Amino acid sequence: MNLLYNHLSVNQDGHLAIGGMDTVDLAKQYGTPAYIMDEDAIRAMMRTYLDAAHTHFGADALPLYASKALCFTGIYRIAAEEGMGVDCVSGGELYTAKRAGFPAERIYFHGNNKTERDICDAMDMGVGTFVVDNTDELLSVESHAAARGITQRILLRITPGIDPHTHKAIVTGSVDSKFGSAIETGQAMEIVKLALAQPHIHLSGFHCHIGSQIFDTHPFSEAADIMVRFIASVKSECGMDVEELNLGGGLGVPYTEYDRPVDYAAAIKDMAAIVHGYCDTHGVKMPKVILEPGRSLVAAAGITLYTVGSVKEIPGFRTYVSVDGGMPDNPRYALYQSTYTALIANRPDAPRNCRVTVAGRCCESGDLIGEDMPLQEARRGDILAVLTTGAYNYAMASHYNRLPNPPVILVKDGAAKVAVKRESYEDLVRNDIL
Ligand code: LLP
């Protein structure tokens, strides 16, 4: 069958392997459900972004890992070793990055509603750049910077007003958005002027992020055009030379054989040609360019292993294959009707000639991993693998129905190590006081 990615294979025992390691053995050793990640696949994607960004945007270009996609201390260590920056979006992500020893000057602190505590914590740890969302936040950053006697470097989040044709829950760049200041309404220029007037703020440039799981590069070029025009108008209205332009993340990944693979290096090359071209056209000096991918760095590297429990055929309706996880470890079908590829890991080469609904174990009908999924005939005790779960799965996990979160296991060089251990029942009651 089509396993979508090169780090997945079928081994001589006829089992699914990830990074050369037998998934049935991994399931035995670490239990299920479990997230398994191929570390080399993550590192290879980080290198693809770094190489392409340096080659096409210049040596000062910096790709950031948008750590909301998958957050635990080990991933910040990997990102640091590879020379990436990171995007953190909360006090919790900042704390995790700090615990991992991630260099604070390479952190970009995002979020549309940073609390006073977030702002103080981030300044205390020396976060390099705040991506300021709005006027209230700008004034708060100014007052905390003043109190510390420092000058805080910031980017302003700008909404370019673009619809990238992805799921509406993950569109972020349109005018009616909780994120950023829109160019169209004049608010973007107003906040630029306000930022330039603050004595403890150094406005370095602008950020935009148009959405996620986008395959077409056209919306990115459109955003780049709008942003470069904006940079030109800021230069003529305010005399400001923009140093940095952050173009956000958002490139998609294939979840099934019907999604087309993305050539990330080629996409970055195209984007660079467009930004260079627009800078020439609008007479703008090429700024340092920041990219901010999350999903495309980690999604493909991950799979989730489950054990099949019940298989229930309802004649005339459908077959439910229930597994020992569900929406608490992967809420994406429930939230976005996301499609996934599933297979029986102990016989991946058997024909996937059944159409099933893969259901979780929660007391909720919507607790599904997918419907109408092609799958081998499933039996109780089989190991079921869901592919491409490295992004926005562990990061979005909940404890619904008091289910403990699965572990994150990293495989590399023929060995597996626990990056995040499985939660115990004791962990679940740890903070219950009464
Ligand atoms: N930068 C900013 C400011 C973002 O908001 C995001 C994602 C990224 C970068 C990274 O985007 P990516 O390269 O991962 O597409 N939970 C949803 C996705 C939400 C994306 C939120 N922002 C999902 O599971 O599809």
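What comes next is a walk through the structure. (Residues numbered from 1 in each chain as written. Predicted model: local features only at pLDDT ≥ 70, side-chain atom pairs only at ≥ 80, totals over all residues. Heavy atoms only, no water.)

### Some remarks on the pairing of strand 15 (residues 318–323)
Bridge analysis of strand 14 (residues 302–314) against strand 15 gives 5 bridges, and the strand direction is antiparallel. Paired with Val308 across the two strands is Val323, which belongs to strand 15. Bridge count for strand 15 against strand 17 (residues 354–359) is 4 bridges, and the pairing is parallel. Within strand 17, the position partnered with Ser322 by the bridge is Ala359. (Pairing = 2+ DSSP bridges. Helix = DSSP H or I, 4+ residues; strand = E, 2+ residues; numbered from the N terminus.)

### A look at the packing of helix 6 (residues 135–148) against helix 7 (residues 187–196)
It is at 11 Å that the axes of helix 6 and helix 7 come closest, and there the two elements cross at 10°. Of the possible angle classes, the one that applies to helix 6 and helix 7 is roughly parallel. Here helix 6 contributes Thr135, Leu138 and Leu139 to the contact with helix 7, which in turn contributes Ile191, Leu194 and Ala195. Grouping the constituent residues of the contact of helix 6 with helix 7 by class yields 5 nonpolar, 1 polar and no charged. (Axes fitted to C-alpha atoms, helices over the stretch in contact; angles between N-to-C directions. Parallel < 35°, antiparallel > 145°, perpendicular 65-115°, else oblique. Contact = heavy atoms within 4.5 Å. Nonpolar A, V, L, I, M, F, W, Y, C, P; charged D, E, K, R; others polar.)

### A short note on the site of the ligand
Taken together, 19 residues surround the ligand, and among them Ser212, Glu292, Arg295, Arg332 and Tyr392 come closest. Within the contact set of the ligand, an oxygen atom lies 2.9 Å away from a backbone nitrogen or oxygen of Gly250. A distance of 2.7 Å separates a nitrogen atom of the ligand from a polar side-chain atom of Glu292. Taken together, the residues of the shell around the ligand sort by class into 6 nonpolar, 7 polar and 6 charged. (Near = heavy atom within 4 Å. Polar contact = N/O pair within 3.5 Å; in protein donor to acceptor, adjacent residues only side chain to side chain.)

### Let's talk about the environment of Arg229
Mapping Arg229 onto the fold places it in helix 8 (residues 218–238). Judged by its relative accessible area of 46%, Arg229 is partly exposed. Sequence separation between Arg229 and Tyr278 is 49 residues; the distance between their C-alpha atoms is 7.9 Å. (Buried < 20%, exposed > 50% of the residue type's maximum accessible area, 1.4 Å probe, protein only.)

### What to know about empty space enclosed by the protein
Taken as a whole and assessed by the stated rule, the structure comprises 2 cavities of 30 Å³ or more. Quantified by volume, the largest cavity comes out at close to 70 Å³. Lining the largest cavity, in full, are Tyr49, Phe220, Leu247, Gly248, Gly249, Gly250, Leu251, Ile268, Met271, Leu291, Glu292 and Pro293. Estimated volume of the second largest cavity: approximately 30 Å³. Taken together, His110, Gly111, Asn112, Val131, Asp133, Arg157 and Phe179 make up the full set of residues lining the second largest cavity. (1 Å grid on protein atoms, 1.4 Å probe; cavity = no way out; pocket = protein on both sides within 12 Å on 5 of 7 lines; lining within 4 Å. Points joined across faces, edges and corners; volume = space filled by probe spheres on them.)

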